[in-house]
Every structure is written in structure tokens, then in C-alpha cells.
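Below, each chain spelled out in residue letters.
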Amino acid sequence: MQPATLQAVAAALGGRVNAVQPQYRGERGHPVGFAAGCGAQLAMLEGSLGASSILRSMRAIDSVADLVVDDVGVVTDIDTPEALAQAEALWLAREGA
């Protein structure tokens with residue numbers, strides 16, 4: 001993930017939205033930025049589902065902004081050896097560019 005992506009997510013928070021989710025080529029990714037007012041909801045989370053339930057409820061009231069970015073890192077996962085190898089290949093390709 002590019003540092004500019006993190007900065008863009010943080011900068012997009014505020015106004016009428018409580019969360020900002022980066023999107024790459026139509027696919028929603030991470031990290032999701034949450035406004036400070038979401039702290040209590042986030043602190044109550046349990047289990048491995050993450051904040052998906054909070055995001056769903058926020059989307060229902062149009063309180064989430066999708067932020068289109070040109071950063072494949074937001075949709076690149078590394079939770080399996082195969083996915084880690086793919087992420088490494090992307091990183092090496094970017095370093096060579």
C-alpha cells in the first residue's frame with residue numbers, strides 16, 4: 001500500500017461521512033478509515049468479522065464514502081503463502097518500475 005493512499009483515506013474523513021473505504025478498479029479494500037465518533041462501536045467488536053457489520057449499517061444511512069485510488073495494495077491480501085507470494089511479486093514489480 002502506498003503512503004499517499006493512507007493520507008487520502010485520512011483526508012477524506014469528515015463532513016457527512018463516518019467512514020471511508022478505498023476502492024481499486026471497483027473492488028472495495030482496506031484500510032477503512034473511521035471517524036473518531038466511531039470509537040465506541042469499534043471497541044465493542046468481537047470475533048474475526050472485523051468491522052463489516054458497522055460498515056453495513058453505515059452504508060444503509062449513506063455514511064460511508066468510497067474513495068477510488070490507483071493502489072492495488074488496498075485489495076492485496078497476504079493471509080496465505082500464495083497470496084504473500086503474489087504481494088511480493090507486485091512489490092518487486094513496483095520497485096523495478
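Below or above, wherever it landed, is the structure these notes cover. Since the structure is predicted, the reported quantities are computational estimates derived from the model, not experimental observations. (Residues numbered from 1 in each chain as written. Predicted model: local features only at pLDDT ≥ 70, side-chain atom pairs only at ≥ 80, totals over all residues. Heavy atoms only, no water.)

Points about the side chain of D71
Move 1: Within the secondary structure, D71 sits in the loop between strand 4 (64-68) and helix 4 (81-96).
Move 2: Polar side-chain contacts of D71 include one of 2.9 Å to the backbone nitrogen of G73.
Move 3: Ignoring anything within four residues of it in the chain, the contact list for D71 reads M1, Q2, T5 and Y24. (Helix = DSSP H or I, 4+ residues; strand = E, 2+ residues; numbered from the N terminus. Polar contact = N/O pair within 3.5 Å; in protein donor to acceptor, adjacent residues only side chain to side chain. Contact = heavy atoms within 4.5 Å.)

Observations regarding the pairing of strand 1 (residues 19-24)
Move 1: For strand 1, the tally of buried residues reaches six of six residues, placing the bulk of the element in the interior.
Move 2: Because side chains alternate across strand 1, one face comprises the buried residues A19, Q21 and Q23, and the other comprises V20, P22 and Y24, equally buried.
Move 3: As paired strands, strand 1 and strand 3 (residues 33-34) are joined by two bridges and run antiparallel to one another. Residue pairing across strands places A19 opposite F34, the latter belonging to strand 3.
Move 4: As paired elements, strand 1 and strand 4 share five bridges and run parallel to each other. When the bridges of strand 4 are listed, A19 appears paired with V64.
Move 5: Hairpin remark: strand 1 followed by strand 2 (residues 27-28), antiparallel, with two residues in the connecting loop; positive phi at R25, about 50°. (Buried < 20%, exposed > 50% of the residue type's maximum accessible area, 1.4 Å probe, protein only. Pairing = 2+ DSSP bridges.)

Structural notes on the side chain of T5
Move 1: Mapped onto the secondary structure, T5 falls in helix 1 (residues 3-12).
Move 2: We classify T5 as buried; its relative accessible area is 4%.
Move 3: In this view, T5 contacts V69, D71 and V74; residues no more than four positions away in its chain are not counted.

Quick notes on the nonpolar core
Move 1: Among the nonpolar cores identified, the biggest contains ten residues, and these are A19, V32, F34, A35, C38, A51, I54, L55, M58 and V64.
Move 2: It is helix 3 (residues 52-60) that provides the largest number of residues to this core, a total of three residues.
Move 3: When residues no more than four places from it in sequence are discounted, the contact partners of L55 are A19, Q21, V32, F34 and V64.
Move 4: Of all hydrophobic cores here, the second largest spans seven residues; its members include V9, Y24, V69 and V74. (Core = buried A, V, L, I, M, F, W, Y, C linked by side-chain atoms within 4.5 Å.)

Concerning the environment of L92
Move 1: Along the chain, L92 turns up in helix 4.
Move 2: On the accessibility criterion, L92 (47% relative accessible area) is partly exposed.
Move 3: As a C-alpha pair, L92 and H30 span 62 residues in sequence and 21 Å in three-dimensional space.

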